[in-house]
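So the chains spell out like this:
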Amino acid sequence: MTRSDRGVVRVVVLDDYQGLARRFGPWDQLGARVELVVVDHHVADDDVLVAILADADVVLAMRERTRFSRERIERMSNLGLIVTRGMRNAAIDLEAAAEAGITVAGTASPGMPTAELTWALILALARNVVAEDRTLKSAGWQHTLGIELEGRTLGVIGLGKLGTRVAEIGRVFGMRVVAWSQHVDAEHAKAQGVEPVTKQELLATSDVVSIHTRLSDRTRGLIGRDELAMMRPTAYLVNTSRGPIVDEAALVEALATGVIAGAGLDVYDTEPLPVGHPLRSLRNVVLTPHLGYVTEEGMAAFYQEVVPIIANWIDGRPVPELPRDSG
């Protein structure tokens, strides 16, 4: 359906914490056809969000920062297009969107910056970077003892593109790399110099366990109290995939009681992570605010793709829609 007969199209960008939409988006290509509204903070309240989007034709949803549940979608009568980064977004109810006549489009995800952040977290844990930085800035000097990664075991849960890249870097560090997933390709793993193992063996033998599997009904709560208990008390858990893959309450307990040595986390059950959440006060955890995909190159590429998608939608041309099974 052509949208040009509706006059100016109102485009609302949600959760633009760093003010990147206006910086990177070539909005001048759309001329006077759009009105751009940028929301630079997270809106958690349903009524406030619905009010902000009351006159929105198009919404830019940055990954899963804002949830589009059926209840919310049914209250957004004017909305015609949601554009998200990537071709999967578990925070959007795609069935509800389809029933409401809302198109949900996605962009490519070039590069693998999340793999780089994974290693930033691993190295920060292994060498106590955050703790030593804090001490040095408080007029102290070295007080921790790090570990060397060479000769230790890296366990990768999920050996897709990201998991394979993380495994590759682990081998460069001289680590033994093992992998498990519910559908691990043993031949692919061996071709990468990675040993396919059972989940139990991976958890019991790894010094670092890194998660790179998609969130689904099968992977929700994949790492719970029992799985954490299988890990070595000297081991670290790193999650840059999705928060609910790990039972957050069980992880907090394991970190607080020394079941595992520490964790590096970029994702959480609720984002932004609530003020006062126990993870914020634990000394053996390194936290980042879902930065895996937030890079100069990645965000520039996203907004360069977004503007043509909006233009095509306005003119009734095809846009890259998310597959219905991508939620």
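The structure displayed is predicted, hence computed values, not measured ones.

J.: Help me understand the sheet that holds strand β11 (residues 262–265) in this model?
T.: Two pairing modes exist for strands in a sheet, parallel and antiparallel, and in both the strands are linked by backbone hydrogen bonds. The strand order β8-β7-β6-β9-β10-β11-β12 describes an open sheet built from seven strands, whose pairing is parallel. Bordering the open sheet on either side are β8 (195–196) and β12 (285–287), each of which pairs with just one other strand. Direction of pairing for strand β9 (residues 208–211) relative to strand β10 (residues 236–239): parallel, over a ladder of four bridges. If you follow Ser210 over to β10, its bridge partner there is Val238.

J.: Can you walk me through the layout of surface pockets in this structure?
T.: Rolling a probe over the atoms, with the probe sized like a water molecule, indicates the empty space that remains. Its volume calculated, the largest pocket comes out at about 1,200 Å³. Together, 44 residues line the largest pocket, and Arg88, Leu162, His212, Thr213 and Arg214 are the ones closest to its centre. Listing elements by their share of the lining of the largest pocket, those giving two or more residues are α5 (113–126) and α7 (161–172). If one sorts the elements of the lining of the largest pocket by residue count, α7 sits on top with three residues. Of the residues in the lining of the largest pocket, the class split is 11 nonpolar, 22 polar and 11 charged.

J.: Where do I start with the confidence of the model for the protein in this structure?
T.: Low pLDDT marks stretches whose predicted atomic positions should not be read closely. Summary statistics for the protein give a mean pLDDT of 95 and a share of 97% for residues scoring 70 or more. Averaged pLDDT values over the elements of the protein bottom out at 95 in helix α12 (residues 296–314) and peak at 99 in β10.

J.: What should I look at first to understand the side chain of Glu271 in this one?
T.: In this fold, Glu271 is placed in the loop between β11 and β12. We note that Glu271 is buried and unpaired, the nearest opposite charge coming from Arg65 at a distance of 6.7 Å. In terms of polar contacts, Glu271 uses its side chain to reach the side chain of His290, at 2.7 Å. With residues up to four places along the chain from it excluded, the contact list for Glu271 reads His42, Arg65, Asp266 and His290.

J.: Can you walk me through empty space enclosed by the protein in this structure?
T.: By the definition in use, this model includes one cavity of 30 Å³ or more. For the largest cavity, the calculated volume is near 50 Å³. Contributing to the lining of the largest cavity are Asn239, Gly243, Val246, Glu248, Leu251, Leu265, Val267 and Tyr268. Each residue belonging to the lining of the largest cavity can be placed in one class, and the counts come to five nonpolar, two polar and one charged.

J.: How should I be thinking about the sheet that holds strand β2 (residues 34–38) in this particular structure?
T.: Taken together, five strands build an open sheet; the order of strands is β2-β1-β3-β4-β5 and the sheet is parallel. The sheet is open, and its two borders are formed by β2 and β5 (103–106), each paired with just one other strand. Put simply, the sheet's adjacent strands are angled 20° from each other on average, direction ignored. Looking at chain direction, strand β1 (residues 9–13) and strand β3 (residues 58–61) are connected through three bridges and run parallel. Note on β3: the bridge partner recorded for Val13 is Leu60.

Parameters at a glance
Residues numbered from 1 in each chain as written. Predicted model: local features only at pLDDT ≥ 70, side-chain atom pairs only at ≥ 80, totals over all residues. Heavy atoms only, no water. Pairing = 2+ DSSP bridges. Helix = DSSP H or I, 4+ residues; strand = E, 2+ residues; numbered from the N terminus. 1 Å grid on protein atoms, 1.4 Å probe; cavity = no way out; pocket = protein on both sides within 12 Å on 5 of 7 lines; lining within 4 Å. Points joined across faces, edges and corners; volume = space filled by probe spheres on them. Nonpolar A, V, L, I, M, F, W, Y, C, P; charged D, E, K, R; others polar. pLDDT = per-residue confidence, 0-100. Buried < 20%, exposed > 50% of the residue type's maximum accessible area, 1.4 Å probe, protein only. Lys, Arg positive; Asp, Glu negative; His and termini not counted. Salt bridge = Lys/Arg side-chain N within 4 Å of Asp/Glu carboxyl O. Polar contact = N/O pair within 3.5 Å; in protein donor to acceptor, adjacent residues only side chain to side chain. Contact = heavy atoms within 4.5 Å. Axes fitted to C-alpha atoms, helices over the stretch in contact; angles between N-to-C directions.

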